Amino acid sequence: MIYLHSKNNTAHGEISHQRPFISKVITNSNLPFPLRASYALRWHGSTEALPQGFGLVLISSGKACPDRDAGNGLTNIVRLAPELDYLKEHDVIKFQPADCGINVLYRHEANSNAFLVTERCNSFCIMCSQPPRDINDHYLVDDMLEALPLIHSETHEICITGGEPTLWGDDFIQMIRASETHLPRTSLHILSNGRNFKNLDLAIKVAAVKHHDLMIGIPLYADYSQLHDYIVQADNAFDDTLRGILNLKRCRVPVEIRVVIHRENYHRLPQLAEFITRNLLFVDHVALMGLEIRGFAKSNLDAIWIDPYDYRNELAEAIDTLARSRMRVSLYNHPLCVIPEPVRRFAVKSISDWKNDFLNECQNCNSKQECGGFFSSNLTKTSDHIKAL
Ligand code: SF4
């Protein structure tokens, strides 16, 4: 587990920032003086020779510092909490002067970087890992727009997630446009419940951005409306979602269908696969996904948990149906040892590295390199059939 937020300490002198400060982490202490104020310098050298003029100077947790009262005019020196000692060149952070907190917005070495742009949502899924909150969180949009120009140009992919990002309307379009402008070689993956795309105008606006590599991931949990609407706890969600997918594809926007599997829907997996191949054959990718035990999934766990081993037959049948129809299908968040051997080739190491863990049993497994392992939050509730391969 890698921490993306921590409170830190003012190591020396005062903090001059009055408001949150978003900046790129660099290691070049010889930067010309006029440029320094925009950057956070990661400093591994002597604390007797701390460089001046940077927006922040980040020193490691164990470093001793000169006397606070030395009176040498140094400001903005932050001693990192041990869990943020990993911060490196090219990472992007948001510093909160009020409590010396740091949010890591982008990690250059991460296998995925996601921007949560709102906690609000028009659905209320029973297994939601990020339960909605009806708050004014437009600052999350502002943070993303400010961070985008700082992200390394060779980044493979970034993700926009929520909550429901389309609730921002034109600001949602602005985030896609800014991603294309600042990162013209980086894929953009957007996670949306798809319902607002029932409004064709929104789909047209997304298409008009002409993002070079965009995919919108949309959940579909069942092959009939009553079950899907129950899982997302919203009337008409099934119809809205299907209209949204159709509108996006009508505008040639790539769409991925995402199916989170749990006790309420595992038994319909074969029928859902059949439904997709008959009605949505034109979507670009289907991802069948294991549960992340956070948020509502944690509070509703007794009702929705099923051991993945117990739905292995339904899973294999669904994948077979999709693959035989020549659809691109992947299996996310499933340990290799609990899925049938013929479907292991569809399994992807899909869990973001900062929340990815393994069990003790995995240390002796010959397939650990290929296995995606577990969400850190799932380690207390795993399949009873984990065994080293
Ligand atoms: S034992 Fe661990 S590493 Fe091996 S397949 Fe199972 S979950 Fe993956």
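Definitions and limits used
Residues numbered from 1 in each chain as written. Predicted model: local features only at pLDDT ≥ 70, side-chain atom pairs only at ≥ 80, totals over all residues. Pairing = 2+ DSSP bridges. Helix = DSSP H or I, 4+ residues; strand = E, 2+ residues; numbered from the N terminus. Buried ≥ 20, exposed ≤ 12 C-beta atoms within 10 Å, placed from the backbone. Core = buried A, V, L, I, M, F, W, Y, C linked by C-beta atoms within 7 Å. Domains from an automatic or database assignment. Contact = placed C-beta atoms within 7 Å. Nonpolar A, V, L, I, M, F, W, Y, C, P; charged D, E, K, R; others polar. Axes fitted to C-alpha atoms, helices over the stretch in contact; angles between N-to-C directions.

Take the pairing of strand β8 (residues 101-106) next. Of the pairings in the sheet, the one linking strand β1 (residues 5-7) to β8 comprises 3 bridges and is antiparallel in character. Each residue of the ladder has a partner; that of Ser6, found in β8, is Ile102. The loop that links strand β7 (residues 92-96) with its antiparallel partner β8 comprises 4 residues; one of these, Cys100, has a positive phi angle of about 60°.

Below, the discussion takes up unusual backbone geometry. Cis geometry marks the peptide bond from Gly162 to Gly163, where omega comes out at 15°. Considering the arrangement of structural elements, one finds Gly163 in the loop between β10 (157-161) and α2 (170-182). Backbone geometry places Asn76, a non-glycine residue, at a positive phi of 60°. Here Asn76 is to be found in the loop between β5 (56-59) and β6 (77-79). For Lys210, which is not glycine, the phi torsion reads 55° and is therefore positive. Owing to 10 C-beta atoms within 10 Å, Lys210 belongs among the exposed residues under this scheme.

Moving on, we come to the nonpolar core. Counting residues in each nonpolar core, the largest one holds 95 residues, and the members touching the most others are Leu56, Val57, Leu58, Leu288 and Ile319. Per-element accounting of this core gives the leading share, 5 residues, to helix α5 (residues 237-250). When residues of this core are sorted by domain, at least three fall in each of domain 1 (5-104) and domain 2 (113-378). Apart from residues no more than four positions distant in its own chain, Leu56 is found in contact with Phe21, Ser23, Ala40, Leu41, Asn76, Val78 and Phe95.

Domain boundaries assigned for the protein yield domain 1 (5-104) and domain 2 (113-378). The centre of domain 1, based on its C-alpha atoms, is set 36 Å off from the matching centre of domain 2. Taken together, the contact pairs 5 residues of domain 1 with 6 residues of domain 2. Contributing elements (two or more residues each) for the side of domain 1 that touches domain 2: β3 (21-26) and β7. Broken down by class, the residue content of the side of domain 1 that touches domain 2 amounts to 2 nonpolar, 1 polar and 2 charged.

With respect to topology, 8 strands assemble into an open sheet ordered β9-β10-β11-β12-β13-β14-β15-β16, the strand pairing being parallel. The sheet terminates laterally at β9 (113-116) and β16 (347-348), the two strands that pair on one side only. Note that strand β11 (residues 187-191) and strand β12 (residues 214-219) share 4 bridges and pair parallel. Its bridge partner being in β12, His189 is matched across the sheet by Met215. Running over the sheet, α5 touches β12 and β13 (255-260) and is turned about 165° from β12.

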